Amino acid sequence: MTTAGAQPFVDQYGALKGALPGTGLPWLAELREAGLARFASLGLPTPRDESWKYTNLRPLEKVAFGTPNGEAVSIDRLPSLLPAGASENRLVFVNGHYRDDLSTLKSLREGVEIGSLAAGLERSPETVAEHLGRIAPSGEQPLLALNTALSGDGLVLRLGRGAKVKTPIEVIFIGAATEQALAYHPRNLIVLEPESQAVVIEHHVSLGGGATFANSATEIDLGDGALLHHYKMQAEGPEAFHVSTVHARVGRDAHYDSFGMSLGSRLSRNEVSVRLNGRGANCHLNGAYMVRGKQHCDTTTLVEHLVPRTSCREVFKGVLDDEARAVFQGRIVVHPDAQQSDGHQLSKAMLLSEKAEIDAKPELEIYADDVKCSHGATAGDLDHDALFYLRSRGLPEGPARRLLIEAFLTESIEAIAAEDLCPAFLASIADWLKTD
Amino acid sequence: MLEIKNLHVTVEDKEILKGIDLTIMPGEIHAVMGPNGSGKSTLAYIMTGREGYEVTEGEVLYQGRDLLAMAPEERAAEGVFLAFQYPVEIPGVPNTTFLKEAVNAQRRHRGESELDAMQFLKVVRRTVKELGIADEMLKRAVNVGFSGGEKKRNEMLQMALLEPRLAVLDETDSGLDIDALKAVADGVNALRAPDRSMLVITHYQRLLDYIVPDKVHVLAGGRIVRSGGKDLARELERTGYAEFATEAA
């Protein structure tokens, strides 16, 4: 039986299915139907679901979301995170529709496939079929199942063995709604064959001030020795809901490096699951968030060490003001064969107001005996000694506080490999502090 | 410059300073010496406005104004500087950024124009050279990973850049070897001026071989139990604080 909150989305499928990418491909129709059935039986997550204990989607259920048409929106200025000329490949999606007129693709060559999902499904459906829905099984995640059913357009990046795209590939997702609230479901697929390398930057923004629901899903497959830097900025508007589900498979000696900054949306959730599949596989899952008002920001990670000698590092730092709330759920599972796993996880929250709150739930499940794993979670106010030190040198309290908050967040940006991206991240921190 | 009158201070309901009287004229250097727990650091912190110290009686006048009514940043901008006994580490804030923010915050307060990056760099480079500080210390985060000596030199650098009228040095000699001590003392002596006063708080006489005070006060049990000229410090070195501990009790 479909739950009340899920029914409107189920109903949309009937109206939408003829217009979704890959219409007419029987395997895809089957995948979508299976996703829809799964979503219908699971319903929207509720706090009764263990993984959604601290994030309540009731506010989402109260909004009547329509289905969007990206073609009608005019975009004057592209919200790029990079300086002009820093990227040769930029894809722009408006409400889940690819906008060829706003996009630039220059690196296409033998072994380098960059484009929209719809184009990928037309050009080489069999290679998409090899991966789509296989890296991210819809089983236990209702919103991923919903995405599978209603998948709109998104990025398809496929690099052949040894291919390297040097400049960042920027993917801009614009949610554009006014009176009519809109829901869209971007679906991305990133497949890096052995020894290939890429930098992908996602930028999620809003236009028009209406309510949007971006329900994004990304599947990533990294072959042996592949390297993916995956950066994300979520700066959607105050009426936006943002849910992102990422599944990554990391092969032997491959490296998945991810950093996400969240400062937008009334409610956001970034859920990342990584399977370290080959010896020497390594991942960095890092993030920073800044929230105020009644914003809610959820970070949920799962790292599975499946074979010996894999490692992961997770550091999530956040600043919360007013009545904002953050959730950090970090699970590390070391499977029985995964000896010499090395996993470290840290959540640090700075609470600027009495009413701000973080729920941190680190979980280690270790089934091997020779491992190094740790987790930590801290929550607290600014360092009073540091604040006094700055004031004793003449900095008034406001600027002194801002300097300390900025320093706290800036540390998490220092590890970003794409130097062209740092100014935009730093500016977002400075802007956030200025509007305090 | 500074007038402390009958100052009583409690920390967590315990009276630490029990009636201090101290007057420092412009250009004078006064040393306050005393055993551990005599209230030396409390005296330093009360001058700069740290939280958690309650004045129950008395007053502190700085250039005729009520110092205790001023916020810490206002005291700094008006020319009061505390060299910390334990300088605070601030991860993520480059030392140069910190120094520039401090200098410009004080300039703004005094209605002076701010220094731009180039102007500031010129000043800071010159000062660093005069004090014999490695340039590299400017790039690192404030006091993070600094040795004890580097932290104290960084305090001297701040003092030189901020050019205070009243500098309070809280056990600046603690944890320093003799070379670092001399370097710090050189920094202090370079700043001696007819319109600048200093209050040097120390446990040991050693520092006063290099920074020669005009007056020496002995603090014991929260009171100044004796005052004298620079020779008093030498006398203390011989006799220790034992006799004052009984005097104060």
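In this text the structure is predicted, and so the values were computed from the model without any measurement.

Comments concerning the overall build of chain A
Counting its secondary structure elements, chain A contains nine helices and 21 strands. For 436 residues, the compact-globule estimate of 2.2 N^0.38 gives 22 Å, and the C-alpha radius of gyration of chain A, at 21 Å, lies within 12% of that figure. Split into buried and exposed, the 436 residues of chain A put 53% on the buried side. Long-range contacts, defined here as pairs at least 24 residues apart, represent 84% of the contacts in chain A between residues at least 6 apart.

Points about the overall build of chain B
Along chain B, the regular secondary structure elements total nine helices and twelve strands. Against the 2.2 N^0.38 benchmark of 18 Å for 249 residues, chain B shows a C-alpha radius of gyration of 18 Å, consistent with a compact globule. With the principal axes as the frame, chain B shows a C-alpha extent of 55 × 40 × 35 Å. By the burial criterion, 41% of the 249 residues in chain B qualify as buried.

Side note on the environment of Q63 of chain B
Residue and element names in this part refer to chain B. Following the sequence through the fold, Q63 ends up in the loop between β4 (54-62) and β5 (65-66). For Q63, a count of 14 C-beta atoms within 10 Å gives the class partly exposed. Note: C-alpha distance between Q63 and D186 (123 residues apart in sequence) is 27 Å.

Digging into the pairing of strand β2 (residues 14-24) of chain B
Residue and element names in this part refer to chain B. Of the strand pairs in this sheet, strand β1 (residues 2-11) and β2 are connected by eight bridges, and their pairing is antiparallel. Bridge assignment links T10 to a residue of β2, and that residue is E15. With antiparallel pairing between neighbouring strands as the criterion, β1 and β2 make up a hairpin whose turn holds two residues, including E12 at a positive phi of roughly 50°.

Some remarks on the sheet that holds β2 of chain B
All names here are of chain B. Strand order in the open sheet formed by four strands is β2-β1-β4-β5, and the pairing between neighbours is antiparallel. Edge positions in the open sheet fall to β2 and β5, since each of these has one partner strand only. Bridge count between β4 and β5: two bridges; the pairing is antiparallel. Pairing of Y62 across the sheet is with R65, part of β5. Seen against the sheet, helix α1 (residues 40-48) touches β1, β2 and β4 and runs at an angle of roughly 70° to β2.

Observations concerning the domain arrangement of chain A
Residues and elements named next belong to chain A. Domain parsing of chain A yields domain 1 (7-278) and domain 2 (383-436). Listed by partner, the interface residues are 15 residues for domain 1 and nine residues for domain 2. Broken down by secondary-structure element, the contributors of at least two residues to the side of domain 1 that touches domain 2 are β9 (197-207), β11 (227-235) and β13 (255-262). Element by element, the count of residues in the side of domain 1 that touches domain 2 is highest for β11, at four residues. Looking at side-chain class alone, the side of domain 1 that touches domain 2 contains 13 nonpolar, one polar and one charged residues.

As for the nonpolar core
If you look at the biggest cluster of nonpolar residues, it comprises 192 residues, and the most contacted ones within it are A326 of chain A together with V168 of chain B. Looking at this core element by element, the count peaks at seven residues for helix α8 (residues 397-413) of chain A. Counting residues domain by domain, this core receives three or more from each of domain 1 (7-278) and domain 2 (383-436) of chain A. Leaving out residues up to four positions away in the same chain, V168 of chain B has contacts with A44, M47, F81, L82, A83, L199 and I201 of chain B.

Let's talk about the interface of chain A and chain B
Each partner contributes residues to the interface: chain A has 16 residues there, and chain B has 19 residues. Contributions of two or more residues to the side of chain A that touches chain B are made by α7 (384-391) and α8 of chain A. In terms of residues, the side of chain A that touches chain B owes the most to one element, α8 of chain A, which gives six residues. Its residues assigned to classes, the side of chain A that touches chain B comprises nine nonpolar, three polar and four charged.

Topic: the environment of E363 of chain A
Looking at the element boundaries, E363 of chain A is found in strand β20 (residues 357-366). On the basis of neighbour count, E363 of chain A is assigned to the exposed category, with 12 C-beta atoms found within 10 Å.

Remarks on the packing of helix α1 (residues 7-16) of chain A against helix α6 (residues 142-150) of chain A
All names here are of chain A. Contact geometry for α1 and α6: axes closest at 10 Å, N-to-C directions at 15°. Of the possible angle classes, the one that applies to α1 and α6 is roughly parallel. As for how α1 packs across α6, the hand of that crossing is left-handed. Where α1 approaches α6, its residues F9, Q12, Y13 and L16 are matched on the opposing element by L146, A149 and L150. For the contact of α1 with α6, the class distribution of residues is six nonpolar, one polar and no charged.

Digging into the sheet that holds strand β9 (residues 166-170) of chain B
Residue and element names in this part refer to chain B. Here six strands make up an open sheet; going across it, the order is β6-β9-β10-β3-β11-β12 and the pairing mixed. Two strands bound the open sheet, and with one partner strand each, they are β6 (80-83) and β12 (223-228). Between one strand axis and the next, the sheet turns through 20° on average, direction left out of account. Here strand β11 (residues 215-220) pairs with β12 via five bridges, running antiparallel. Counted as the bridge partner of A220 is R223 from β12.

Remarks on helix α6 (residues 148-162) of chain B
All names here are of chain B. Here α6 contains 15 residues, and its C-alpha end-to-end distance of 21 Å stays within 8% of the 21 Å for a straight helix at 1.5 Å per residue. Counting buried positions along α6 yields eleven of 15 residues, so the element is predominantly enclosed. Buried residues along α6 sit in contact with β6, α3 (95-109), α4 (117-131), α5 (136-139), β9 and α7 (178-190). Among the residues trailing α6, E163 stands out with phi positive, at a value near 45°.

Notes on the environment of S392 of chain A
Take S392 of chain A: it is sitting in the loop between α7 and α8. The exposure class assigned to S392 of chain A is buried, which follows from the 25 C-beta atoms found within 10 Å. Once residues within four sequence positions are removed from consideration, S392 of chain A is found in contact with T48, P72, A76 and L82 of chain B.

Some words on the packing of helix α2 (residues 26-42) of chain A against α6 of chain A
Residue and element names in this part refer to chain A. Packing of α2 against α6 brings their axes to within 7 Å, and their N-to-C directions diverge by 145°. You can see that α2 and α6 cross each other, and the crossing is left-handed. Two secondary-structure elements touch here, α2 through L31, R32, G35, L36, R38, F39 and L42 and α6 through P142, A145, L146, T148 and A149. For the contact of α2 with α6, the residue count by class is eight nonpolar, two polar and two charged.

The rules we used
- Residues numbered from 1 in each chain as written.
- Chains lettered and ligands numbered in written order.
- Predicted model: local features only at pLDDT ≥ 70, side-chain atom pairs only at ≥ 80, totals over all residues.
- Helix = DSSP H or I, 4+ residues; strand = E, 2+ residues; numbered from the N terminus.
- Rg over C-alpha atoms; globule rule 2.2 N^0.38 Å.
- Buried ≥ 20, exposed ≤ 12 C-beta atoms within 10 Å, placed from the backbone.
- Contact = placed C-beta atoms within 7 Å.
- Pairing = 2+ DSSP bridges.
- Axes fitted to C-alpha atoms, helices over the stretch in contact; angles between N-to-C directions.
- Domains from an automatic or database assignment.
- Nonpolar A, V, L, I, M, F, W, Y, C, P; charged D, E, K, R; others polar.
- Core = buried A, V, L, I, M, F, W, Y, C linked by C-beta atoms within 7 Å.
- Parallel < 35°, antiparallel > 145°, perpendicular 65-115°, else oblique.
- Left-handed = near helix turned anticlockwise from the far one by under 90°.
- Expected span 1.5 Å × (residues − 1).

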